[in-house]
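Architecture at a glance
Each chain, written out:
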Amino acid sequence: MSNRSSSSSSHSLQSQGTLEAALAAPCGALRKAPAIWSKAEETDLLEFLLKSLPSSGNGGFKMPMFNQAAAHLKEKHLHQKGAEKTGKVCKNKWTVLKKAYHSVINIKNTLGFTWSDEHRADITDRKDDVWACFTKVAHPHAKPFMMRGFDHFEIMEQLM
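Thresholds, definitions, all that
Residues numbered from 1 in each chain as written. Predicted model: local features only at pLDDT ≥ 70, side-chain atom pairs only at ≥ 80, totals over all residues. Heavy atoms only, no water. Salt bridge = Lys/Arg side-chain N within 4 Å of Asp/Glu carboxyl O. Helix = DSSP H or I, 4+ residues; strand = E, 2+ residues; numbered from the N terminus. Buried < 20%, exposed > 50% of the residue type's maximum accessible area, 1.4 Å probe, protein only. Axes fitted to C-alpha atoms, helices over the stretch in contact; angles between N-to-C directions. Parallel < 35°, antiparallel > 145°, perpendicular 65-115°, else oblique. Left-handed = near helix turned anticlockwise from the far one by under 90°. Contact = heavy atoms within 4.5 Å. Nonpolar A, V, L, I, M, F, W, Y, C, P; charged D, E, K, R; others polar. Polar contact = N/O pair within 3.5 Å; in protein donor to acceptor, adjacent residues only side chain to side chain. Phe/Tyr/Trp six-rings, centres within 6.5 Å; stacked < 30°, edge-to-face > 60°. Lys NZ or Arg CZ within 6 Å of the ring centre and 35° of its normal. Expected span 1.5 Å × (residues − 1). Core = buried A, V, L, I, M, F, W, Y, C linked by side-chain atoms within 4.5 Å.

Quick notes on the pattern of salt bridges
For the structure on display, the rule yields 5 salt bridges. Between Lys 85 and Glu 41 there is a salt bridge, with its nearest N and O atoms 3.4 Å apart. Residue Lys 85 is found in the loop between strand S2 (81-82) and helix H4 (87-108), and its partner Glu 41 is found in helix H2 (residues 39-52); the two are separated by 44 residues along the sequence. For the residue pair Lys 85 and Glu 41, the accessibility class agrees, reading buried in each case.

Structure, rendered in structure tokens:
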């Protein structure tokens, strides 16, 4: 048996730094703070895209359009929360809003469910297990709409 201390070994069982630092930045990557969107900012993004729709062509919105939207938001909302709303962030928000829109459409088109912006999906206790199956299997993005409406449905309908 060796008298050597394990503290000098490169194969030591002792910690060689804080665990928090190692977990916070795997492979040297740091996570960026998220952008925090207000309802007014979402509405302004959608209104900007609606005004820009005629020049977007059949292929949908391209990155230059999202960069212009980001500049528009920066100009209009001087005190934004969270990370800067760049063109990429605007494009990601657009993707999220499209998923929400399609989720509401799926709810409206599903036999047995009703939808209104006031009452949301109007799921009662007797339909709770049906809702769980609906959201778990085929429509996971619809889950939040059991208890809340989708404020941007009408403008999204114009954009789609």
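That covers the picture; the talk isn't over yet.
Side note on the packing of H2 against helix H3 (residues 63-76)
The geometry of H2 relative to H3 is characterised by a closest axis approach of 10 Å and an angle of 135° between their N-to-C directions. Looking at the two axes, H2 sits oblique to H3. Of the two possible hands of crossing, H2 and H3 adopt the one that is right-handed. Here Glu 41, Asp 44, Leu 45, Phe 48, Leu 49 and Ser 52 of H2 come into contact with H3, specifically with Met 65, Phe 66, Gln 68, Ala 69, His 72, Leu 73 and Lys 76. Here the contact of H2 with H3 is composed, by residue class, of 7 nonpolar, 3 polar and 3 charged.

What to know about the environment of Ala 35
Structurally, the position occupied by Ala 35 is in strand S1 (residues 35-36). With relative accessibility at 23%, the residue Ala 35 sits in the partly exposed group. Along the primary structure Ala 35 and Cys 90 are separated by 55 residues, whereas in three dimensions their C-alpha atoms are 9.6 Å apart. The residues contacting Ala 35, other than those within four sequence positions of it, are Lys 81, Gly 82, Ala 83, Lys 85 and Val 89.

Some thoughts on the side chain of Asp 44
Following the sequence through the fold, Asp 44 ends up in helix H2. Here Asp 44 falls in the buried class, since its relative accessible area comes to 8%. In this structure the side chain of Asp 44 is engaged in a polar contact, spanning 3.3 Å, whose partner is the side chain of Lys 76. Excluding residues within four positions of it along the chain, Asp 44 makes contact with His 72, Leu 73, Lys 76 and His 77.

Describing the packing of aromatic side chains
The final tally for this structure, using the stated rule, is 3 aromatic pairs. Ring geometry for Phe 61 and Phe 66: centres 6.2 Å apart, planes at 70°, overall edge-to-face. Here Phe 61 and Phe 66 have matching classes, each one buried. Aromatic pair Phe 61 and Trp 94: ring centres 5.4 Å apart, planes at 85°, arrangement edge-to-face. Separated by 33 residues along the polypeptide, Phe 61 in the loop between H2 and H3 and Trp 94 in helix H4 bring together distant segments of the chain. Like Trp 94, Phe 61 is buried. Grouping aromatic residues by their ring pairs yields a cluster made of Phe 61, Phe 66 and Trp 94. Lying over the aromatic face of Trp 37, Lys 85 brings its terminal NZ or CZ to 5.3 Å of the ring centre.

Regarding H4
Spanning 22 residues, H4 covers 32 Å between terminal C-alpha atoms, matching the ideal 32 Å at 1.5 Å per step. Along H4, the positions that sit buried rather than exposed are Gly 87, Cys 90, Lys 93, Trp 94, Leu 97, Ala 100, Tyr 101, Ser 103, Val 104 and Ile 107.

A closer look at the nonpolar core
Core analysis: the largest hydrophobic core is formed by 29 residues, its most contacted members being Leu 49, Trp 94, Ile 107, Phe 150, Met 156 and Leu 159. For this core, the secondary structure elements donating two or more residues are H2, H3, H4, helix H5 (128-138) and helix H6 (153-159). In terms of residues, this core owes the most to one element, H4, which gives 7 residues. In contact with Met 156, not counting residues within four places along its chain, are Leu 46, Trp 94, Leu 97, Lys 98, Tyr 101 and Phe 150.

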